[in-house]
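So you can see what is in the structure, the chains are spelled out below.
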Amino acid sequence: MQYSKVSEFMSRRAEQMLSGQIEALAAAFAYPLPVYLQDLPVVVSKAESACAMLCLQRLSMIQRHVVAVRPTVTAIDLPRKGRFRVWVDWLEVAIPPEGTRRASAVYYCSDAGDGMKIEMVSYTRLSTPELQPQFAALALSA
């Protein structure tokens, strides 16, 4: 997988989050979607649940006055049978800077020619650990 294609995909996700294009963000996931919030595994069964979780995350960003989200792709696996992992560090830049936070995740992706899909996410660092209980409840209510 080309670095430029993956980096552009993640940058587009950051722009979609900031501009509130939640449905477009959710459309990039394959369902059911396993998500590991550090030590807490949840399964997001449908796009509606993903949208609710993404809305919570965006609300946190708005409350912290996040003005930019900068993804840095730190590594990409060599694809095997159309699947690959992507390591991404996210910087959520806020004004004032006290609201700035970082997140890190490993994305398990596929590319069948019609665009990248995210099949699983494993967060190694959360920017919104306080939202873990709400994320878990939304995933379970699906």
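**Student:** Hey, could you run me through the pattern of salt bridges in this one?
**Tutor:** Between side chains of opposite charge, a pair can form when the charged atoms approach closely. On inspection of all chains with the given rule, the structure shows six salt bridges. With a shortest N-O distance of 2.6 Å, Asp77 and Arg85 are connected by a salt bridge. What makes Arg85 partly exposed here is its relative accessible area of 29%. In this structure, Arg101 and Glu130 form a salt bridge, with 2.9 Å as the shortest nitrogen-oxygen distance. Of this pair, Arg101 sits in strand S5 (residues 101-111) while Glu130 sits in the loop between strand S6 (116-125) and helix H4 (132-140), placing them 29 residues apart in sequence.

**Student:** Mind showing me how you'd approach the packing of aromatic side chains here?
**Tutor:** The geometry of an aromatic ring pair is captured by the separation of the ring centres together with the interplanar angle, meaning the angle of the planes. Counted according to the given criterion, the structure contains two aromatic pairs. An angle of 80° between the planes, with centres 6.3 Å apart, marks the rings of Phe29 and Tyr31 as edge-to-face. Here Trp90 and Tyr107 contribute two aromatic rings whose centre-to-centre distance is 6.5 Å and whose plane-to-plane angle is 70°, an arrangement assigned as edge-to-face. Linking Trp90 in strand S4 (residues 83-94) with Tyr107 in strand S5, this pair joins segments that are 17 residues apart in sequence. When its relative accessible area of 4% is taken as the criterion, Tyr107 is described as buried. Lying over the aromatic face of Phe29, Arg13 brings its terminal NZ or CZ to 4.9 Å of the ring centre.

What counts and what doesn't
Residues numbered from 1 in each chain as written. Predicted model: local features only at pLDDT ≥ 70, side-chain atom pairs only at ≥ 80, totals over all residues. Heavy atoms only, no water. Salt bridge = Lys/Arg side-chain N within 4 Å of Asp/Glu carboxyl O. Buried < 20%, exposed > 50% of the residue type's maximum accessible area, 1.4 Å probe, protein only. Helix = DSSP H or I, 4+ residues; strand = E, 2+ residues; numbered from the N terminus. Phe/Tyr/Trp six-rings, centres within 6.5 Å; stacked < 30°, edge-to-face > 60°. Lys NZ or Arg CZ within 6 Å of the ring centre and 35° of its normal.

Interpretation in functional terms is not warranted from these geometric data alone.
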